[in-house]
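# Tertiary structure, described
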Amino acid sequence: TVDRIALALNVQHGEWSFNESDMPVNLKYSIAFMAGASARYAFSKRSSILLNANTNKLNINGNFTIVTQTLNNGNQQPSQVKTFALVGTEQRLLLQLGYQHIFGENEKMNFFVEGGANVTMAKFVKNQINVNGLVMDLTYVYNPYTGSTYQNKYLTGVGTGVFAGLGANVNLGSKWLV
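Starting afresh in each chain, residues are numbered from 1 along the sequence in its written order. Only residues with pLDDT of 70 or above have their local features reported here, since the model is predicted, and side-chain atom pairs are shown and tallied only from 80 upward, although totals for entire chains, interfaces and linings are computed over all residues. Hydrogens are left out, water is left out, and the side-chain values use all remaining heavy atoms of the structure.

## Regarding the overall build of the chain
A tally of regular secondary structure across the chain gives 1 helix and 12 strands. Ordered by position in the sequence, the α and β elements of the chain form the string α-β-β-β-β-β-β-β-β-β-β-β-β. Computed over the C-alpha atoms, the radius of gyration of the chain is 26 Å, more than 25% above the 16 Å expected from 2.2 N^0.38 for a compact globule of 178 residues. A principal-axis box enclosing the C-alpha atoms of the chain has dimensions of 85 × 35 × 25 Å. Any residue under 20% of the maximum accessible area for its type is buried, any over 50% is exposed, and the rest in between are partly exposed; the area is computed with a 1.4 Å probe on protein chains only. Within the chain, buried positions represent 23% of all 178 residues. The long-range share in the chain, meaning contacts at least 24 apart out of those at least 6 apart in sequence, stands at 63%. Numbering of helices and strands runs from the N terminus; a helix is a DSSP stretch of H or I covering at least four residues, while a strand is a stretch of E covering at least two. Based on C-alpha atoms, the radius of gyration is set beside the globule rule, defined as 2.2 Å times the residue count to the power 0.38. Pairs of residues are marked as contacts when any of their non-hydrogen atoms sit within 4.5 Å.

In structure tokens, the structure reads:
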């Protein structure tokens, strides 16, 4: 097989390394927007069951390093640490089912507490590196036994937990509630 990273770095096979100390740093999420829906079923003026469903798409950027050590006329040159870009994207679906209780008898503003179960489903969309113009999709897996490459198609996961919140309901009139 061809060492495409060595070619991109303009070094020989075995003259570059990547280990735990080269893992991504300075990871930053881009601004993301969330869209969703919220519903409440009220048992009374103060108690209700709530259901929230939200989705978003997250993008992340960061850097990782590769160490090169070249041989020149049989002499080993000093190591060089080179930095390269990493980008990733994932989609999330967040579901919440819980209970909400509103405190107080004030018609204009009341505080509330809520809590319940939370389920987050994540789908991995993209994970790429760029080594001197060589863009590599990290979702591909190389099988050394068969010599074949395949792409993972179902990079998903589900996490469960609980949520809790405090807030205020502000009544702005007969038609508006914030």
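Having seen the model, we can carry on.
## What to know about the nonpolar core
Membership of the largest hydrophobic core is limited to 12 residues, which are I5, A6, L9, V11, F64, I66, F84, L86, I129, V131, L134 and M136. The set of elements that each furnish at least two residues to this core consists of α1 (4-9), β4 (47-68), β7 (80-102), β8 (109-131) and β9 (134-137). It is α1 that provides the largest number of residues to this core, a total of 3 residues. Contacts of V11, omitting those with residues within four sequence positions, involve A6, W16, T68 and T70. What makes a nonpolar core is a set of buried Ala, Val, Leu, Ile, Met, Phe, Trp, Tyr and Cys residues whose side-chain atoms join them at distances within 4.5 Å.

## Digging into unusual backbone geometry
At N10, a position not held by glycine, the phi torsion is positive, near 60°. Positive phi is not limited to glycine here, since N26 has a value of about 55°. Structurally, the position occupied by N26 is in strand β2 (residues 25-29).

## Observations concerning the pattern of salt bridges
Each reported salt bridge corresponds to a side-chain nitrogen of Lys or Arg within 4 Å of a carboxyl oxygen of Asp or Glu. Taken as a whole and assessed by the stated rule, the structure comprises 2 salt bridges. Across the pair R46 and E105 runs a salt bridge whose closest N-O atoms are separated by 3.4 Å. Of this pair, R46 sits in the loop between β3 (34-42) and β4 while E105 is found in the loop between β7 and β8, placing the two residues 59 residues apart along the sequence. Ionic pairing is found between R92 and E90, a salt bridge with its closest N-O pair at 2.4 Å.

## Focus on the environment of F43
You can see F43 is positioned in the loop between β3 and β4. Beyond its immediate stretch of four places on either side in the chain, F43 contacts S48 and I49.

## What about the layout of surface pockets?
Grid spacing is 1 Å over the protein atoms alone, the probe is 1.4 Å, and a cavity is where that probe fits but cannot get out, while a pocket is an open set with protein on both sides within 12 Å along at least five of seven lines and lining residues have an atom within 4 Å of a point. Grid points are joined across faces, edges and corners, and a volume is the space filled by probe spheres set on the points. Taken as a whole, the largest pocket spans an internal volume of roughly 690 Å³. Elements supplying a minimum of two residues to the lining of the largest pocket: α1, β4, β9 and β10 (140-143). Element by element, the count of residues in the lining of the largest pocket is highest for β10, at 3 residues. Put simply, the second largest pocket is a space of about 330 Å³. Looking at the second largest pocket, it is lined by 20 residues, and the ones nearest its centre are K45, R46, I102, N169 and L177.

## Considering the packing of aromatic side chains
Note on ring pairs: Phe, Tyr and Trp rings are taken, using the six-membered ring of Trp, and paired if centres are within 6.5 Å. Classes follow the plane angle, with under 30 degrees stacked, over 60 edge-to-face and the rest tilted. Following the criterion strictly, the structure yields 3 aromatic pairs and no others. With 6.1 Å between their ring centres and 75° between their planes, F18 and F64 make a pair best called edge-to-face. One end of the pair, F18, is in the loop between β1 (16-17) and β2; the other, F64, is in strand β4, with 46 residues separating them in the sequence. Residue classification places F64 among the buried residues on the basis of a relative accessible area of 5%. An aromatic cluster of three or more residues is present, and its members are F18, F64 and F84.

## Observations concerning the side chain of N169
With respect to the element layout, N169 can be found in strand β12 (residues 156-170). For N169, the residues in contact, after removing those within four places along its chain, are R40, I102, K108, M109, N110, F112, L177 and V178.

## Some words on a nonpolar patch on the surface
Candidate patch residues must exceed 30% relative accessible area and have no salt bridge, after which like charges are joined if within 9 Å and Val, Leu, Ile, Met, Phe, Trp or Tyr side chains if within 5 Å. The method behind every accessible area is Shrake-Rupley, applied with a 1.4 Å probe, and residues are considered shielded solely by the protein chains displayed. Together, Y41, F43, I49, L51, L97 and Y99 make up an exposed nonpolar region whose accessible area comes to about 630 Å². Of all elements in the fold, only β4 and β7 reach the threshold of two or more residues within the nonpolar patch.

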